[in-house]
Amino acid sequence: MENQSYHNLVVGGAAAATLASIEISPNLRGRSFIRDTDFSPAELLDLMETSKRLKEIRKLGRPHTYLRGKTLGLLFQHPSTRTRTAFQVGMEQLGGQAVFLGIQDLQLKRGETLQDTARIMSGYLDAIGVRIESQVDLDEFARGASVPVYNGLTSERHPIEALGDVFTLRERFGELKGLTFAYLGDGNNVCHSLMLSMAAVGVNLRVASPAGYQPDPGIVDIAKRLAAASGATIVMTEDPHEAVSGVDAVYTDVHQSMGEDAQLAKLTALAPYRVTRGVMAEAAPHAVFMHCLPMRRGLEVEPEVADGPQSIIFDQAENRLHVHKAILLHTMI
Ligand code: CP
């Protein structure tokens, strides 16, 4: 300890670091992200480039407070760890601030309408992230808003999760076109958004779900149209083995979604779609395991897979931050 020398840090003043430079397209300025298809495939790729650059800038510790003076509102009906934190911390890292607004604390609870609430909030805020049960309610809120509105999860979709997951795949494999991605289990909101986003950017999809828990046919149709345009293929099956054979990535989500009571029939139907070491052995040797989290180890995924060497679940979780920041920057600048 005696030989250790101490140097004072210089903070601020003429020596203060300048903002890292970043070049972004103005196409998304002022726009909302309510549905996965609100942004074109080229715009999704643009957002991923910005996410990559923002991740590099953050890892280098370079200042990137491009949204100074801006305020993001976060209107949440359900609990959240990743989405809320990524929005809030991301906004603050970009130099702005975020205000959390639990729906239970607002006059919405006493009957003030969604459109009135959105109109009032648009007078205070520069953008609003919303987690709300119903996509219809989110649409109604967005109709009242005059600032960008972001879908932070509805029972129908989770577009920012899907964009973060596509970004994670791209980071892992470099090229998206030609990859094959398998989703096993509940054809839920996350499955819907993954289908739409992966198909848009050219990732081949295989979705295995049991009867009664398959994705919405309307969403499947849109995904098929997007896949036709990008050159990707889509296979819908009830057979999890057909879905995972030789794929580059295996993805699953909880068998009991947020707000749902435990239903024995659903858990029983989804049990054969659990991701086990045996399932991963049917995928390509280099395949990765993905999950949007939170997860129930031992239910939809074996702990040895969730915590094993093929798992990239914590990369996915971290990447939510960089993708949220890219969306905030492009739409609020
Ligand atoms: N994946 C996801 O949206 O996580 P949270 O529910 O914690 O936000």
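Located above this text is the structure these notes cover.
Here we summarise the structure given alongside this text. As the structure is a prediction and not an experimental result, all values here were calculated from the model.

**Here's the deal with the pattern of salt bridges**
This model, assessed by the stated rule, comprises 13 salt bridges. Close ionic contact of Arg-31 with Glu-43 constitutes a salt bridge, the shortest N to O distance being 2.9 Å. Taken together, the residues Arg-31 in the segment before helix H1 (41–60) and Glu-43 in helix H1 connect sequence positions 12 residues apart. Here Glu-43 falls in the buried class, since its relative accessible area comes to 12%. For Asp-139, the salt bridge identified is with Arg-35, shortest N-O distance 2.8 Å. Residue Asp-139 is located in helix H4 (residues 135–144), and its partner Arg-35 is located in the segment before H1; the two are separated by 104 residues in the primary sequence. Each member of the salt-bridge network shares a partner with another, and the members are Asp-36, Glu-156 and Arg-157.

**Description of the packing of aromatic side chains**
Counted by the stated rule, this structure contains five aromatic pairs. Ring geometry for Phe-33 and Phe-39: centres 4.4 Å apart, planes at 5°, overall stacked. You'll find Phe-33 and Phe-39 in the same group, each marked buried. An aromatic cluster is built from Phe-181, Tyr-183 and Tyr-251, whose rings are joined through pairwise contacts. The side chain of Arg-84 reaches across the aromatic face of Phe-100, ending 3.4 Å from its centre.

**A word on the nonpolar core**
Counting 61 residues, the largest nonpolar core has Leu-72, Tyr-150, Leu-169, Phe-181 and Leu-328 as the members making the most contacts within it. Top contributing element to this core by residue count: helix H6 (residues 189–200), with eight residues. Ranked by size, the runner-up nonpolar core spans 20 residues in total, among them Leu-184, Val-247, Val-250 and Ile-313.

**A word on the site of the ligand**
Around the ligand, the structure places Ser-80, Thr-81, Arg-82, Thr-83, Arg-131, His-158, Glu-161, Cys-292, Leu-293 and Arg-320. Here an oxygen atom of the ligand sits 2.6 Å away from a polar atom, N or O, in the main chain of Thr-81. Thr-83 has a polar side-chain atom sitting 2.7 Å from an oxygen atom of the ligand. The protein chains hide 95% of the 250 Å² of surface that the ligand would expose on its own. Class assignment of the residues belonging to the shell around the ligand gives a composition of two nonpolar, four polar and four charged.

**Description of the sheet that holds strand E8 (residues 249–252)**
With parallel pairing, the five strands of this open sheet are ordered in space as E7-E6-E5-E8-E9. In this open sheet, the two edge strands, each paired with only one partner strand, are strand E7 (234–237) and strand E9 (288–291). Direction aside, neighbouring strands of the sheet carry axes that sit 20° apart on average. As paired elements, E8 and E9 share four bridges and run parallel to each other. When the sheet's bridge partners are listed, Val-250 is paired in E9 with Phe-289. Sitting on the sheet, H6 is in contact with strand E5 (180–184), strand E6 (204–208), E7 and E8, with an inclination near 160° to E6.

**A short note on unusual backbone geometry**
Here Leu-293 and Pro-294 are connected by a cis peptide whose omega angle stands at 5°. The topology assignment puts Pro-294 in the loop between E9 and helix H11 (303–306). If you check the backbone angles, Leu-293 has positive phi at about 65° while not being a glycine. One can find Leu-293 in the loop between E9 and H11. Residue classification places Leu-293 among the buried residues on the basis of a relative accessible area of 11%.

**Focus on the environment of Val-235**
As for its position among the elements, Val-235 is in strand E7. Setting aside chain neighbours within four positions, we find Val-235 in contact with Leu-205, Arg-206, Val-207 and Glu-242.

**A closer look at the pairing of E7**
Taken together, the four bridges between E6 and E7 define a ladder with parallel strand orientation. Paired with Val-207 across the strands is Met-236, a residue of E7. As for the winding sense of the linkage, the β-α-β connection from E6 through helix H7 (residues 217–230) to E7 is right-handed.

**Some remarks on the environment of Pro-309**
Structurally, Pro-309 can be placed in the loop between H11 and helix H12 (313–332). We classify Pro-309 as exposed; its relative accessible area is 82%.

**Structural notes on helix H5 (residues 159–173)**
Between its first and last C-alpha atoms H5 spans 21 Å; for 15 residues at 1.5 Å apiece the expected length is 21 Å, and the two agree. With respect to burial, H5 is a largely interior element, 12 of its 15 residues being buried. For H5, the set of buried residues is Pro-159, Ile-160, Glu-161, Ala-162, Leu-163, Gly-164, Asp-165, Val-166, Phe-167, Thr-168, Leu-169 and Arg-170. Backbone geometry just after H5 places Gly-174 at a positive phi near 85°.

**Observations regarding the environment of Glu-304**
Among the secondary structure elements, Glu-304 is positioned in helix H11. Using a relative accessible area of 40% as the deciding quantity, one classes Glu-304 as partly exposed. Spatially, the C-alpha atom of Glu-304 lies 9.9 Å from that of Val-275, the residues being 29 residues apart in sequence.

Cut-offs and rules
Residues numbered from 1 in each chain as written. Predicted model: local features only at pLDDT ≥ 70, side-chain atom pairs only at ≥ 80, totals over all residues. Heavy atoms only, no water. Salt bridge = Lys/Arg side-chain N within 4 Å of Asp/Glu carboxyl O. Helix = DSSP H or I, 4+ residues; strand = E, 2+ residues; numbered from the N terminus. Buried < 20%, exposed > 50% of the residue type's maximum accessible area, 1.4 Å probe, protein only. Phe/Tyr/Trp six-rings, centres within 6.5 Å; stacked < 30°, edge-to-face > 60°. Lys NZ or Arg CZ within 6 Å of the ring centre and 35° of its normal. Core = buried A, V, L, I, M, F, W, Y, C linked by side-chain atoms within 4.5 Å. Near = heavy atom within 4 Å. Polar contact = N/O pair within 3.5 Å; in protein donor to acceptor, adjacent residues only side chain to side chain. Areas by Shrake-Rupley, 256 points an atom, 1.4 Å probe, with all protein chains shown as cover. Nonpolar A, V, L, I, M, F, W, Y, C, P; charged D, E, K, R; others polar. Pairing = 2+ DSSP bridges. Axes fitted to C-alpha atoms, helices over the stretch in contact; angles between N-to-C directions. Contact = heavy atoms within 4.5 Å. Right-handed = clockwise from strand over helix to strand, strands pointing away. Expected span 1.5 Å × (residues − 1).

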